[in-house]
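Listed below, chain by chain, are the residues.
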Amino acid sequence: MQHALHLSSVAAASSISTDASSGTNAVPTRRQKKAAAAASVPKEPQNIHDAVTLVQQLSWARFDESVDIVINTGLDPRKPNQNVKGVAKLPHGQGKKVRVCVIAQGDDVVKAKQAGADVAGAEEIILLIQQGDVSFNTVIATPQMMAQVGKIGKILGPRGLMPSPKMGTVTNDVIKAVKDAKAGAVQFKTERQGVVHAALGKVSFQPTALLDNIRSFMVSLMDVKPEGFKGRYLMNAYLNTTMGFTVPLDMGSIDPSSPRFMLNIKASPTETK
C-alpha cells in the first residue's frame, strides 16, 4: 500500500530503542515521535482510506485528538447564494459530550428536557446567556422565541451558536432537534475564501467509524451545493488532527459525484484532478 513507506518510519520511532551506552531500552520522547511523524507526512494526495490510517498513525499527542476535515470549495461566501450552511448527522458522533440549550416556552420546555436537553427555558435562559454563561455546543429555539433570541445575537453569532432554520436549530420539533444534536450532528458553513471545516471524530475511533462519518459529511456538503453553481464545487481537501499533521486527500475518493466515492481504489493516470 502506498502509505506503508510513510508509516514505517513512524512505527520505528514509536518502538522501543536500545541505548548503546547502557544497553537498556529507552522509549522515544514526544519530541522524537513528532519529528518522526513530520518526516512521514506525504505530499501527494492520499485515498481517504489511507489518509484515515495515516492521521491515526501520525498522532503523537497524549490526549485523544479530534480528526478534522478541511475542504477548499470554489464558492465565494461574499455572494449570498454561495454562503452555504448545513448539518451533517454523524452515525458515530464526534466522540465528545454535547451540551444542548433550548430556548422555548410551555410544553416545548418539558419536551426538550425529556429529549435530553441540558438547559431549557425562555427568558431565564436568555438572561443566563446575557450574564455570560455560553457553555453550550448547540442552541435550539422555537420560531416563536426568535424575536427574543435576537437580543443575544451578538453573543451567540460570533460563537457560531445563533439558531438558524437552515441548520435545523429553529424548529417546532424540539425533540428531534435535541436528539439529532445529542447524536452527533455537526453544523458547517463556508468560511473565508470558501473553506469548510468540521471535526468528524477522534483518533481513538475505529477507521470504519471515521470513514462512515466522513461519508455522511461529504454527502451533506454536496446536498447544499447552490443551484446553478457553474464552477468546480470541491477543489481540494485535507485530513488532520488537533495537534497532528495535515494529509492531502485524493478528491475522487471523497467526492460524492465520483465513481470512486469512499472506495479504496487509486486514481487512474488519466483521471482528471
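Preceding block: the structure.
Residues numbered from 1 in each chain as written. Predicted model: local features only at pLDDT ≥ 70, side-chain atom pairs only at ≥ 80, totals over all residues. Heavy atoms only, no water.

A few points about the sheet that holds strand β3 (residues 66-73)
Note: strands within a sheet are paired through backbone hydrogen bonds, in either parallel or antiparallel orientation.
Working step 1: Taken together, 4 strands build an open sheet; the order of strands is β9-β3-β10-β11 and the sheet is antiparallel. In this open sheet, the two strands that pair with only one neighbour each are β9 (195-202) and β11 (247-248).
Working step 2: Against the sheet, helix α3 (residues 48-58) touches β3, β10 (234-241) and β11, its axis set at about 30° to β10.
Working step 3: In the packing of helix α9 (residues 207-223) onto the sheet, the strands contacted are β3, β9 and β10, and the crossing angle to β9 comes to about 155°. (Pairing = 2+ DSSP bridges. Helix = DSSP H or I, 4+ residues; strand = E, 2+ residues; numbered from the N terminus. Contact = heavy atoms within 4.5 Å. Axes fitted to C-alpha atoms, helices over the stretch in contact; angles between N-to-C directions.)

Focus: the packing of aromatic side chains
Working step 1: Enumeration over the complete set of coordinates arrives at 2 aromatic pairs.
Working step 2: Aromatic pair Phe188 and Phe217: ring centres 5.2 Å apart, planes at 70°, arrangement edge-to-face. You can see Phe188 sitting in strand β8 (residues 185-189) and its partner Phe217 sitting in helix α9, a full 29 residues away along the chain.
Working step 3: Seen in terms of ring centroids, Phe229 and Tyr233 are 6.3 Å apart; in terms of plane orientation they differ by 65°. Their pairing is edge-to-face. Neither residue differs from the other here; Phe229 and Tyr233 are each classed as buried. (Phe/Tyr/Trp six-rings, centres within 6.5 Å; stacked < 30°, edge-to-face > 60°. Buried < 20%, exposed > 50% of the residue type's maximum accessible area, 1.4 Å probe, protein only.)

Some words on the sheet that holds strand β6 (residues 119-121)
Working step 1: The 3 strands lie next to each other as β6-β5-β7, forming an open sheet whose pairing is parallel. Each edge of the sheet is formed by a strand with only one pairing partner; in this case those strands are β6 and β7 (138-141). Strand-to-strand twist of the sheet, defined as the mean angle between neighbouring strand axes without regard to direction, takes the value 10°.
Working step 2: Looking at chain direction, strand β5 (residues 100-103) and β7 are connected through 4 bridges and run parallel. Each bridged residue has a counterpart across the sheet, and for Cys101 the counterpart in β7 is Val139.

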